[in-house]
Amino acid sequence: MSVEEATNETHPPTPPPPSSAASKAAPLGSSVIPIVNKLQDIFAQLGSQSSIELPQVAVVGSQSSGKSSVLEALVGRDFLPRGNDICTRRPLVLQLLQTKSKASGGSDDEWGEFLHLPNNRIYDFSEIRREIEAETNRLVGENKGVSDKQIRLKIFSPNVLDITLVDLPGITKVPVGDQPTDIEARIRTMILSYIKQPSCLILAVTPANSDLANSDALQIAGNADPDGHRTIGVITKLDIMDRGTDARNLLLGKVVPLRLGYVGVVNRCQEDILQNRSVKEALSAEEKFFRSRPAYHGLADRLGIPQLAKKLNQILVQHIKVLLPDLKSRISNALVATAKEHQSYGEITESTAGQGAILLNFLSKYCEAYSSLLEGKSEEMSTSELSGGARIHYIFQSIFVKSLEEVDPCEDFTDDDIRTAIQNATGPRSALFVPDVPFEFLVRRQISRLLDPSLQCARFIFDELVKISHKCMMNELQRFPVLRKRMDEVIGDFLREGLEPSEAMIGDIIDMEMDYINTSHPNFIGGTKAVEAAMENVKSSRVPHPVARPKDPVEPERTSSSSSASQVKSRSFLGRQANGIVPDQGVVSADAEKAAPAAPSCLEAIQTHSEQEDIEIQITKLLLKSYYDIVRKNIEDSVPKAIMHFLVNHTKRELHNVFIKKLYRENLFEEMLQEPDEIAVKRKRTRETLHILQQAYRTLDELPMEAESVCSGGTDTTGVSKHLDLPASSSMYSTSSSSYSASPSTGRRSRRAGNQHQNGYGF
C-alpha cells in the first residue's frame, strides 16, 4: 500500500455536503450581473469620457503568475494569447454569460463576441485568441508594446457563471522589445486606475512557489484597498511547490490575512498546453490533486476553479447589490446634467422664419435674465458673493454714502481763512453782526465738492450694469459668438446713452443746491442757536488772560519817548485796527511818512484772535456743518434716484425694444446665428452621451423585483458590502470570509446556475 493510500485510509474523504440553497437556486447574479454587463457595453461607447464606474472584478498579478490560466479555467476553454514574455498587453474586459444548456431546452454551443466586431459570433476559440492578438497588435504593434485601451469580449456558454472580469497586463520589471524604460511604473499606474475605484473587486493572483509576503499582486492591491475589503486572493501553481511543503497556512490567511480569503488552484503547465490538454482534463486533474493531498482536507470551500467561480459570482453579486442604489442615482444625475447641457446648445434651422424665432427667443430670454439679475430673482443666485442688484445697493449705501460722510465741510478752511472771509465781507465798516456772505460763499464751495463722488457713483453703477449684461446667458450665447458681440455692442451703447442724462441730472442737483441756500430749512441750526453754541464753545476753550504788570514810575523819558513813537505809528495805519489789518511796523522815518498813504501789496490778518473773532469763526463753522449735513442728506437721496431712473430702470424697461430695433433684422439673421464648429461637435457629443445615459437608465429599470428589493436591504453572507464605505445596512452582514451561501431565486436561470459547478471538491 502506498503512502498516499495509507493516508487516505486513515483520513477518508469527507462526503459531499448536503444540498443547500446554493445548489438549488442561482445567486442573484442571474439577474443583476447581466444588467451590469449590459451597462458596461453601453458605457463602453463613451470610452474614457464616461464618469460612471461600474462594478467589476480586476485580475492583477505579476508576469507569468498564472492569470491567463485562471481565466481560461473559469471559461473552460483555451482562448488567451500564450508565450514566455508578456502576453496581456491591453486590458481585456471579459464578460462570462451563462446560456441555457441543451438539457434545459437550450444549446450546448459556446461562442465569443467582440464589441469591436458586433453581431459576429466566433465559435472557434482559437480564432478568438487570434483576434485578441490581432487587435492588440493593431494598436500597439507586435514588439511587446502596452496600451490602456480596452478589448471587450463576451463568452456565451452553459458552463460558466455570470461574472465580469478585467484581465490587466502583468507587472513586469525589465522592459523588452518596444517597451519604455519605465514600463513597470506605467503598468502599475494602469492597474491602479482600475482597482482604486471602490466599485472594483480585486482578484490578486500569486504563484504558490513565490513569497506571499512579497507578492506584487497583494502589494499593489494593498495600495488601492489597504483594509482588504475588496481583495480576493488566488494562490496558483500549488502542484509545483517544493516537496514536503503545502499552502494550507496561506489559504487559511495565517501568512497574509485577507478579509475575503483565498482560493487555491492548480494551473495547466506549459507541457499540458503544448500537448493540447483540454481545460476540462486539467480540472479533473486539479480535483484529483486536491483529493490526494491530506494537507488540503477540510478546505473544500477554498480549493479549485469551480469554487473560485462560485465565490467570485457570489461576492460580485453582493457587491453589485450594495452599489445599485448609488449607481442609479449617479446615472440619473448625469442624465439630467447632460440633458441640460444639450439643451443649452439648442437646435439650428436654416429657414428665415426659424432663424427669426430663435433670435427673438434669445433676445427675450436675455432681457428676462437681465431683469432677474437686477431684481434678485435669478435662478442662478450666488451664495458666496453679492451679485446683480445687490451690488448696486451696496454701491449706493456703502460706497457712495460713506464717501459723502467722509467729507468735512471745514476741511479746506482754517480759522484764519474764515476770519479773512468775514472781514472781507464787511467792507470798509466794522460788522455789528456776522455777515451772511462769507457763510454762503464757503458753503457753496463745500457743496461743489459733492459733485465728483456723485458722478463717480454713476460710473460705478454703469460698470456694474455692464458686468451684469455679460453674465446673462453666458452658456447659451457661446453658440452664437457674432450675436453675442452684437448684443454687447448694443447694450454698451444703450447704457452709455443712459449714463449721460444721469450725469447731467446729478450736475443739475448740485447746481440747485448751490443756487439757493435755504437757511429757513427746519433742520438748519439758525443764527440764535449758533451764537449760543459758539459763545459756550469759546468760553470753555479760551485760556484766561494773564494779569498786567503795574507801570514803573521811574524812567519818565522812556515813557515819553514811547508815547511819541506811538503817535507817529498810529498815523501810518490806513486800515482799521478793528478789522485786524496790520502793515509793517517799526521806526517811521521821514520817507516812511511820505509813503504812508500807499497800502502794502499784501495784507494778512494778524495771527492772534480776539474773543469776538473766535465767536464769529465758531458761528460760521456751526452754520457750515449744519447746512452741509442738510445738503449731504439731500444728495444721498437724490443721486441714487437719478441714477435708478435715468440709467438702471430705463435700460431694464427699454432694453428689449432697443434689441428689436437694432438686431431683429432679416438681413442679419444668418450672420448673427453662425455657430463655431466646436459647438456643433459638442452638440453631437452631448446628444450621443444623452442617448447612452437614457439607455443605461432604461436598463436599470429592467431589474427584476428581487433585485429591487435587495437594493434596500438583504443578507450579505460575503461581508463585502460593509467594507465598501457605502450607506448599506452593514449590520445585517456576516463577517465570515469562508461562507458564501447564495440568495434564493425563482428563475430557471437561477436553478441552472445553482447546479453549475456543484461537483466542487467535497473532501
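What you see is a predicted model; the values in this text were computed from it and never measured. (Residues numbered from 1 in each chain as written. Predicted model: local features only at pLDDT ≥ 70, side-chain atom pairs only at ≥ 80, totals over all residues. Heavy atoms only, no water.)

Enquirer: Run through the side chain of Thr689, naming residues and quoting values.
Expert: Along the polypeptide, Thr689 turns up in helix 23 (residues 677-700). Relative accessible area serves as the criterion here: at 13%, Thr689 is assigned to the buried category. Apart from residues lying up to four places away in sequence, Thr689 is in contact with Leu46 and Thr338. (Helix = DSSP H or I, 4+ residues; strand = E, 2+ residues; numbered from the N terminus. Buried < 20%, exposed > 50% of the residue type's maximum accessible area, 1.4 Å probe, protein only. Contact = heavy atoms within 4.5 Å.)

Enquirer: An account of the packing of helix 13 (residues 389-405) against helix 16 (residues 451-471) is needed here, citing residue identities and associated values.
Expert: Where helix 13 meets helix 16, the closest approach of the two axes is 10 Å, and the angle between their N-to-C directions is 165°. Relative to helix 16, the element helix 13 lies roughly antiparallel. Viewed along their axes, helix 13 and helix 16 form a crossing whose handedness is right-handed. Residues Gly389, Arg391, Ile392, Ile395, Phe396, Ile399, Phe400, Ser403 and Leu404 of helix 13 pack against Pro453, Ser454, Cys457, Phe460, Ile461, Glu464, Leu465, Lys467 and Ile468 of helix 16. Along the lines of polarity and charge, the residues of the contact of helix 13 with helix 16 split into twelve nonpolar, three polar and three charged. (Axes fitted to C-alpha atoms, helices over the stretch in contact; angles between N-to-C directions. Parallel < 35°, antiparallel > 145°, perpendicular 65-115°, else oblique. Left-handed = near helix turned anticlockwise from the far one by under 90°. Nonpolar A, V, L, I, M, F, W, Y, C, P; charged D, E, K, R; others polar.)

Enquirer: Outline the state of the cysteines, listing residues and values.
Expert: As enumerated under the stated definition, the model contains zero disulfides in all. Of the cysteine sulfurs around Cys472, a residue in no disulfide, the closest is that of Cys367, at 8.8 Å. (Disulfide = S-S within 2.5 Å.)

Enquirer: Could you give an account of the environment of Leu39, naming the residues involved and the relevant values?
Expert: Residue placement: Leu39 occurs in helix 3 (residues 29-44). On the basis of relative accessibility, which here comes to 0%, the residue Leu39 falls in the buried class. In this structure the C-alpha to C-alpha distance between Leu39 and Ile692, which are 653 residues apart in sequence, comes to 9.4 Å.

Enquirer: Please provide a residue-by-residue account of the pairing of strand 2 (residues 92-98), values included.
Expert: With seven of seven residues buried, strand 2 lies mostly within the body of the structure. Inspection of the sheet shows strand 2 paired to strand 4 (residues 151-157) by seven bridges, in the parallel sense. Bridge pairing in strand 4 links Leu92 to Ile151. The sheet contact formed by strand 2 and strand 5 (residues 163-167) spans five bridges and is antiparallel. Among the inter-strand pairings, Val93 is bridged to a residue of strand 5, identified as Val166. (Pairing = 2+ DSSP bridges.)

Enquirer: Before we move on, could you go through the packing of helix 6 (residues 183-195) against helix 7 (residues 216-224) and cite the residues and values that matter?
Expert: In contact at an axis separation of 10 Å, helix 6 and helix 7 are set at 50° when each is read in the N-to-C sense. When the interaxial angle is binned, helix 6 and helix 7 end up oblique. Viewed along their axes, helix 6 and helix 7 form a crossing whose handedness is right-handed. Residue-level inspection shows Arg188, Ile191, Leu192 and Ile195 of helix 6 in contact with helix 7, the latter providing Asp216, Gln219, Ile220, Ala221, Asn223 and Ala224. Residues that form the contact of helix 6 with helix 7 fall into these classes: six nonpolar, two polar and two charged.

Enquirer: Report on unusual backbone geometry, specifying residues and quantitative values.
Expert: Of note, Asn119 is a non-glycine position whose phi angle comes to about 60°, a positive value. Here Asn119 shows up in the loop between strand 3 (111-114) and helix 5 (125-140). Positive phi values are uncommon outside glycine, yet Lys237 reaches one of about 60°. Note that Lys237 resides in the loop between strand 7 (231-236) and helix 8 (248-251).

Enquirer: How would you sum up the pattern of salt bridges? Please name residues and give values.
Expert: This structure, assessed with the given rule, holds 22 salt bridges. Ionic pairing is found between Arg138 and Glu135, a salt bridge with its closest N-O pair at 2.6 Å. Residue Arg138 and its partner Glu135 are located together in helix 5, separated by three residues, close to a single helical turn. In this structure, Glu405 and Arg632 form a salt bridge, with 4.0 Å as the shortest nitrogen-oxygen distance. (Salt bridge = Lys/Arg side-chain N within 4 Å of Asp/Glu carboxyl O.)

Enquirer: Any details on the nonpolar core? Residues and values, ideally.
Expert: By size, the foremost hydrophobic cluster in this structure holds 64 residues, and its most contacted members are Leu465, Ile643 and Phe659. Those elements giving two or more residues to this core turn out to be helix 12 (352-375), helix 13, helix 15 (436-448), helix 16, helix 17 (481-515), helix 21 (611-663) and helix 22 (669-672). Among the elements that line this core, the one with the most residues is helix 21, at 17 residues. For Phe659, the contacting residues outside a window of four places in its chain are Leu363, Tyr366, Cys367, Met487, Val490, Ile491 and Tyr664. By size, the runner-up hydrophobic cluster in this structure holds 62 residues, among which are Leu153, Leu161, Leu316 and Leu324. (Core = buried A, V, L, I, M, F, W, Y, C linked by side-chain atoms within 4.5 Å.)

Enquirer: Quick rundown of the packing of aromatic side chains? Include the residues and the values.
Expert: A full pass over the atoms with the stated rule returns seven aromatic pairs. With a centroid separation of 5.7 Å and an interplanar angle of 90°, the aromatic rings of Phe290 and Tyr296 are classed as edge-to-face. Judged by relative accessible area, Phe290 falls into the buried class, the value being 0%. In textbook terms, an aromatic cluster arises when at least three aromatic residues are bridged by ring pairs, as seen for Trp111, Tyr123 and Phe156. Positioned above the aromatic ring of Tyr697, the side-chain terminus of Lys328 is 5.9 Å from the ring centre. (Phe/Tyr/Trp six-rings, centres within 6.5 Å; stacked < 30°, edge-to-face > 60°. Lys NZ or Arg CZ within 6 Å of the ring centre and 35° of its normal.)

Enquirer: Explain the sheet that holds strand 1 (residues 56-61) to me, and be specific about the residues and the numbers.
Expert: If you trace the eight strands from one edge of the open sheet to the other, you get 3-4-2-5-1-6-7-8, paired in mixed fashion. A strand with exactly one partner marks an edge of an open sheet, and here the two such strands are strand 3 and strand 8 (262-264). Averaged over all adjacent pairs, the angle separating strand axes in this sheet is 25°, with direction ignored. Here strand 3 runs beside strand 4; their pairing, made up of four bridges, is antiparallel. Along strand 4, the bridge assignment pairs Trp111 with Phe156. The sheet contacts of helix 6 involve strand 1, strand 5 and strand 6 (200-207), and relative to strand 1 the element is tilted by about 155°. In the packing of helix 7 onto the sheet, the strands contacted are strand 1, strand 6, strand 7 and strand 8, and the crossing angle to strand 6 comes to about 160°.

Enquirer: Please provide a residue-by-residue account of the environment of Leu260, values included.
Expert: Turning to its location among the elements, Leu260 is positioned in the loop between helix 8 and strand 8. In sequence terms Leu260 and Arg230 are 30 residues apart; their C-alpha atoms lie 7.4 Å from each other.

Enquirer: How would you explain the pairing of strand 6 if you had to name every residue and give the values?
Expert: Counting buried residues along strand 6, eight of its eight residues qualify, which places the element largely inside the surrounding structure. The two faces of strand 6 match: Cys200, Ile202, Ala204 and Thr206 on one face and Leu201, Leu203, Val205 and Pro207 on the other face are all buried. Of the pairings in the sheet, the one linking strand 1 to strand 6 comprises six bridges and is parallel in character. By the bridge assignment, Ala58 is partnered in strand 6 with Ile202. Inspection of the sheet shows strand 6 paired to strand 7 by six bridges, in the parallel sense. Pairing of Pro207 across the sheet is with Thr236, part of strand 7. Note that the unit made of strand 6, helix 7 and strand 7 has a crossover that is right-handed. (Right-handed = clockwise from strand over helix to strand, strands pointing away.)

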